[in-house]
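# Notes for the structure review
One-letter residues, chain by chain:
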Amino acid sequence: MMVPVRFEWQIMKVKIIITPKKAVLDPQGQAVLNALEHMGYDGVKDVHVGRFLELELSGDKASMESRIEEACHRFLSNPVIEDYRVEWEE
Amino acid sequence: MSDPKITPELIRQHNLTDEEYQLILKQLGREPNITELGIFSVMWSEHCSYKNTRSLLKGFPTRSSNVLVPAGEENAGVIDIGDGLAVAFKIESHNHPSAVEPFQGATTGVGGIIRDIFTMGARPICAVNSLRFGKLDSPEVRRLFRGVVAGIGHYGNCFGIPTVAGEVYFDESYEGNPLVNAFSLGVLRHEQIARGAAQGIGNPVFYVGPATGRDGLAGAAFASQDLTEESAEQQRGAVQVGDPFMEKLCMEACLELLATGAVAGIQDMGAAGLTCSTCETAARGGTGIEIELDKVPQRGPGMSPYEIMLSESQERMLIIVHKGREDDVKRIFDKWDLPWAEIGFVTDTGQMVVKHHGEVVADLPAAKLADEAPIYHREAIEPEYLKETRGLDLHSIQDTTDVEGDLHALMAWPTIASKNWVYRQYDYTVRNGTMVHPGSDAAVIRVKPDSLPVLSEDSPNRDVIPPEKYLAMSVDGNGAYVYLDPYEGGKIAVAEAARNLACSGAVPLGTTDNLNFGNPHNPELFWQLKEAVRGLADACTYFEAPVTGGNVSLYNQNPKGAIDPTPTVAMVGLIEDPSHITTQWFKNEGDVILLIGESLDSDDPYQGLGGSAYLKVRHGLKKGLPPRCDLTVEKNIHNALRGWIAQGAIQSAHDCSEGGLAVALGECCISGESARHTPHLIGAEIQLKRAEQDRLDALLFGETQGRIIISVPSVFVGKITGQAEVMNIPVEKIGTVGGKTLSIVVDKHQFDWDLSKLHDAWFNSIDQIMES
Amino acid sequence: MTQVDTETELSTISDQGNASKFSFGVLQFPGSNSDQDCVNAIEVLGHEAHYVWHKEESLGHLDAVLVPGGFSYGDYLRAGAIARFSPVMRALADFAENGGLVLGVCNGFQILCEAGLLPGALILNRSLQFRSEFVHLSTVNSDTPFTKAIPADQLMRVPIAHGEGCYFADGSTLNEMESHGQILWKYATAQGDVEDHANPNGSVHGIAGVCNKAGNVAALMPHPERACQEAIGSADGQWIFRSLIEHLKDAK
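What you are looking at is a predicted structure, and each value in this text was computed from that prediction instead of being measured. (Residues numbered from 1 in each chain as written. Chains lettered and ligands numbered in written order. Predicted model: local features only at pLDDT ≥ 70, side-chain atom pairs only at ≥ 80, totals over all residues.)

Another point: the overall build of chain A. Counting its secondary structure elements, chain A contains 2 helices and 3 strands. Counting from the amino terminus, helix and strand elements in chain A follow one another as β-α-β-α-β. Considered along the principal axes of its C-alpha atoms, chain A spans approximately 60 × 25 × 25 Å. Put simply, of all contacts in chain A between residues at least 6 apart along the chain, 72% involve residues at least 24 apart. (Helix = DSSP H or I, 4+ residues; strand = E, 2+ residues; numbered from the N terminus. Contact = placed C-beta atoms within 7 Å.)

Residues and elements named next belong to chain A. Note that N34 resides in helix 1 (residues 27-38). Classification of N34 as exposed rests on a count of 11 C-beta atoms within 10 Å. Taking the C-alpha atoms as reference points, N34 and D46, separated by 12 residues in sequence, lie 9.5 Å from one another. (Buried ≥ 20, exposed ≤ 12 C-beta atoms within 10 Å, placed from the backbone.)

A few words now on the nonpolar core. Residue and element names in this part refer to chain B. Counting residues in each nonpolar core, the largest one holds 333 residues, and the members touching the most others are M43, V444 and M473. Of all the elements, helix 10 (residues 244-259) adds the most residues to this core, at 10 residues. Residues in contact with V444, not counting those within four places in the same chain, are M435, V436, Y470, L471, A472, S504, I575 and I581. (Core = buried A, V, L, I, M, F, W, Y, C linked by C-beta atoms within 7 Å.)

What follows concerns the sheet that holds strand 2 (residues 51-60) of chain A. Residue and element names in this part refer to chain A. Across the sheet, which stays open at both edges, the 3 strands sit in the order 2-1-3 with antiparallel pairing between neighbours. Across the chains shown, the open sheet's two edge strands, defined by having one partner strand only, are strand 2 and strand 3 (82-89). With strand direction ignored, the average angle separating the axes of adjacent strands in the sheet is 25°. Bridge count between strand 1 (residues 9-20) and strand 2: 10 bridges; the pairing is antiparallel. By the bridge assignment, W9 is partnered in strand 2 with D60. (Pairing = 2+ DSSP bridges. Axes fitted to C-alpha atoms, helices over the stretch in contact; angles between N-to-C directions.)

Residue and element names in this part refer to chain B. Considered for burial, the residues of helix 13 (residues 326-335) that qualify are V329, I332 and F333. Within helix 13, the buried residues cover an arc of 95° as seen down the axis, which keeps them to one side. Residues of helix 13 that are exposed and point more than 90 degrees away from the buried face comprise D327, K330 and D334. In this structure, the buried residues of helix 13 make contact with strand 7 (204-208), helix 10, strand 10 (317-321) and strand 11 (340-347). At the exit of helix 13 stands D337, carrying a positive phi of roughly 55°. (Arc of directions from axis to C-beta.)

On the chain A side, the residues contacting the 12 residues of chain C number 10 residues. Class assignment for the residues of the side of chain C that touches chain A results in 6 nonpolar, 2 polar and 4 charged. (Nonpolar A, V, L, I, M, F, W, Y, C, P; charged D, E, K, R; others polar.)

Another aspect to go through is the arrangement of the chains. Here 2 pairs of chains make contact, and the pair sharing the most contacts is chains B and C. One finds no contact linking chain A with chain B; the least C-alpha distance across the pair is 11 Å.

Further remarks concern the interface of chain C and chain B. Opposite the 31 residues of chain C that make contact, chain B presents 28 residues. Of all the secondary structure elements, the ones that give two or more residues to the side of chain C that touches chain B are helix 2 (35-44), strand 6 (131-139) and strand 7 (156-162) of chain C. Per element, the largest residue contribution to the side of chain C that touches chain B is 6 residues, and it comes from strand 6 of chain C. Considered class by class, the residues forming the side of chain C that touches chain B number 12 nonpolar, 14 polar and 5 charged.

The strands making up a sheet associate through backbone hydrogen bonding, with each pair oriented either parallel or antiparallel. Residues and elements named next belong to chain B. Here we have 7 strands laid out as an open sheet, ordered 23-27-22-28-26-29-30, and mixed in their pairing. Because the sheet does not close on itself, it has two edges, and the strands there are strand 23 (652-655) and strand 30 (749-754). When strand polarity is set aside, the average angle formed by the axes of neighbouring strands in this sheet is 20°. Along the sheet, helix 19 (residues 486-504) makes contact with strand 23 and strand 27 (708-712), crossing strand 23 at roughly 170°.

Turning our eyes to something else, we now look at unusual backbone geometry. All names here are of chain C. Even without being a glycine, C106 presents a positive backbone phi close to 55°. In this structure, C106 sits in the loop between strand 4 (101-105) and helix 4 (107-114). Classification of C106 by C-beta neighbours within 10 Å gives buried; the count is 30. Phi at H205 is positive, roughly 60°, even though this residue is not glycine. Mapped onto the elements, H205 comes out in the loop between strand 9 (183-188) and strand 10 (207-211).

For the rest of this paragraph, the subject is the confidence of the model for chain A. Taken as a whole, chain A shows an average pLDDT of 88; of its residues, 90% reach a score of 70 or greater. For chain A, the element scoring lowest by mean pLDDT is helix 1 of chain A, at 87; strand 3 of chain A scores highest, at 94. (pLDDT = per-residue confidence, 0-100.)

Take the pairing of strand 17 (residues 507-516) of chain B next. All names here are of chain B. Counting buried residues in strand 17 gives 9 out of 10 residues, a clear majority hidden from the surface. Relative to strand 21 (residues 566-575), strand 17 is paired through 9 bridges, and the arrangement is antiparallel. Considered in strand 21, the bridge of G510 is made with V572. Bridge count for strand 17 against strand 18 (residues 547-553) is 6 bridges, and the pairing is parallel. Considered in strand 18, the bridge of D513 is made with G550. Handedness of the strand 17-helix 20 (residues 523-542)-strand 18 crossover: right-handed. (Right-handed = clockwise from strand over helix to strand, strands pointing away.)

The structure is reproduced here in structure tokens:
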């Protein structure tokens, strides 16, 4: 069966949020948590410090999606110690 | 779009006086436009022109048989160290930016001084810094301290040079106005000295380094073009952000380029980047320069000529290249993936001409701009406060009844306590050159063949392998002394640096100074500056350590007034043989402890307690007169010590400074360390003689000058005391190394300190304050 | 425990006069700053060291490769994350695949982990500060090309200088590494005890250095190349390079 391929050329922004894996010690997160507590911000139970990347892309969304996933896994994050999630914006 | 009109308000906003504006009109023969006004304001600022202090700085000795490039000629002075090798070094401040943004202020301070070194063609091989902060009980001070230290570490570590020495003082006078004085030293062969002159009519001018942004600009409205919403966003002046990685690449590329012989002149873009560099290189070359701003790489759209010329974006260099050699620049900078742009050429008009979109936006006489700023002879009046401080009557202060508590308090006092919290954030082993790590009286670095920049292919010295050289470095400056007696305090700053070098086995070669003072328009504060400079100059002359350059930072003040006048002196010395390298801590049980120098100065009405740490910490006073500094006595002692070191007699040497004899002895017992959590504590049994009129606190904690504690194997004692007598230098045995405590006996009283407790108080003091 | 007098012992070894010099490659990335120290260390031991620029696609003929410390690419994104994609790293991977000896130091350790040539990863020091000080290392597995010359119970005093030196690997990886003898060095006290307070950066199990399963690629956070001469603080780092040299001689 022929599946028509729609080639959509778009300008997109993608946000990539990278956080330390739960199993990994996060001394930065700990330090920020302690500081917030000292400053009187009650009710903060945990803090994780990560990284935020914003990419501006132009191209076909479908193929960009898989390319970005690959870049995240291969380079932008380190799978041994980090998790990531991707948020697309058009 | 038209330039704003030059109004008296605008002139004032540029920190120019009406008289200065009149002088500009006279020099130009017409009114300047806004870009030209901005250029004048920066070239005639205190930082670039030294207009308030030039007349004083003339008093510094700047020549000796070792000086190859004297102060004032180039970005840094250069001194010969023998065998065709030389060193370039300088100290500079970045005080006000560090008060605003401590991390970035400190990083850009370090970056700036490193550039001043490699722009001379030298490879920077180490850094040193001198810091002042308010009292550590304030969270704000802790924030500044933490940020500055992290910033210095970040830049030096990432750039890849060891930060090997320094000093940190904490005093309320520096509240809100930290002092961050950064020093760097580089090495090169004589033939590699590079000059910052625009030579050769028609030679192309290159810009290398990252794009120009709005760093360091105040974001003044008059500097803008048509104000759209987006340009308003971008208007806000950006804090200068340093990039040590970029600077490392830039340095490697510049040194490689210099080795090709393609460079006619090179200058870093520091304060007011493009303005200073184009103007100064043209002035030095006796030539003119023309640049087209459209060719200058820019970070954002719509930057005005004013902004481009005054921007302080970091890590940029201006390179004048011999015509025909442009490809060398392109090849090398492409190799290092660094941006470059050909932006202009050298002319014979003597004018600095700046074009934008093909139109001339500035046309100014370079030499007049660089060299003919007004020179002011400010009024100097001895301050009123001295009547009060000199009125201190020592008899009104009770002698100590708690010697043990006194020493603990002083050793734990942050200004005296171990600075390991600071230097363990600095890489001090990179480059395999550091022979004495932070923690002793002076740092010692070796210069080995691979420390040198790469030689040009056709150098006759290509196959000559120079011998290793050993350099010692120390930075010193007691602000309290200078506050109480600027002339004496100035002398002492130099004498102390020379003494620290002598304790390491080094002979002074040269000095660089950073003058951190208050408002020069205040006659009392100007008097402090004048007298301090006089003291510094006299002492530098006496020690034959000419000033190779330095920096002046004025208008430093805390919420209550001016800071303590603080000249910081960095001195560099040469050690003849690696076997002469000497450290501060006691080495072997059974060694004899000798004190060189008089334990108390009989002519000092304050017995060495004036301006002392003891008086401050135990009595809350900053009063009296600082101890007297006798330059002849100092020099004789340093020479004698070097002689004994050369004879192999000296196991350790440590001078007495803040905290006096007892603190120095304590440090000798506890400051040795071989690794993390591995201190080498070694005790001492001391017996001190005391004359009837000597106060106990003065004997133990007074800061009488010209004293050094040495430890010596017993076989050498007779030789040393014999030679000392012939030289008329007081040397006395005061004890023996050994045991698990520091024990001091005076008359019939014995005072004891457990070494681990003393070490804990001294070593962990700052860590406990900062990490709790 | 017996502490061998390092300089005497080492000078004895060097007198065993083997005429052939081995050739060590030292990779150079933009921002490497211990490359020169690596060359210095190899030359002090009487062998040859050559720089290999990161853009090179071939290593040439080398007996072993050192991946030096520094801040390659400014440590941007993550330390070593960008360097691992340099052209020279492909050549290095082939070299390692064929059994070539590779030693990474500090940033080199970070690069080798990012490149997947070693297990685990390096993260921020627990103190959140850069740490520069001398530490003691205890050798855990003396039966590797990187440790075979280190005398039994010999502690090595070497400097560290890093901000991201905390070694991490998850539980199952660690178990596997332990069972294959991949843990090479741990941080210890001056008495040789592997204790938390001897650990300068929070590394799991006090691990300072590891090797791959095949045993030909290793790395450590401390700097042995900065501890090859007493004059600059310690000569203990020589033991690691001596081990490599001995292994190369045995293989000839």
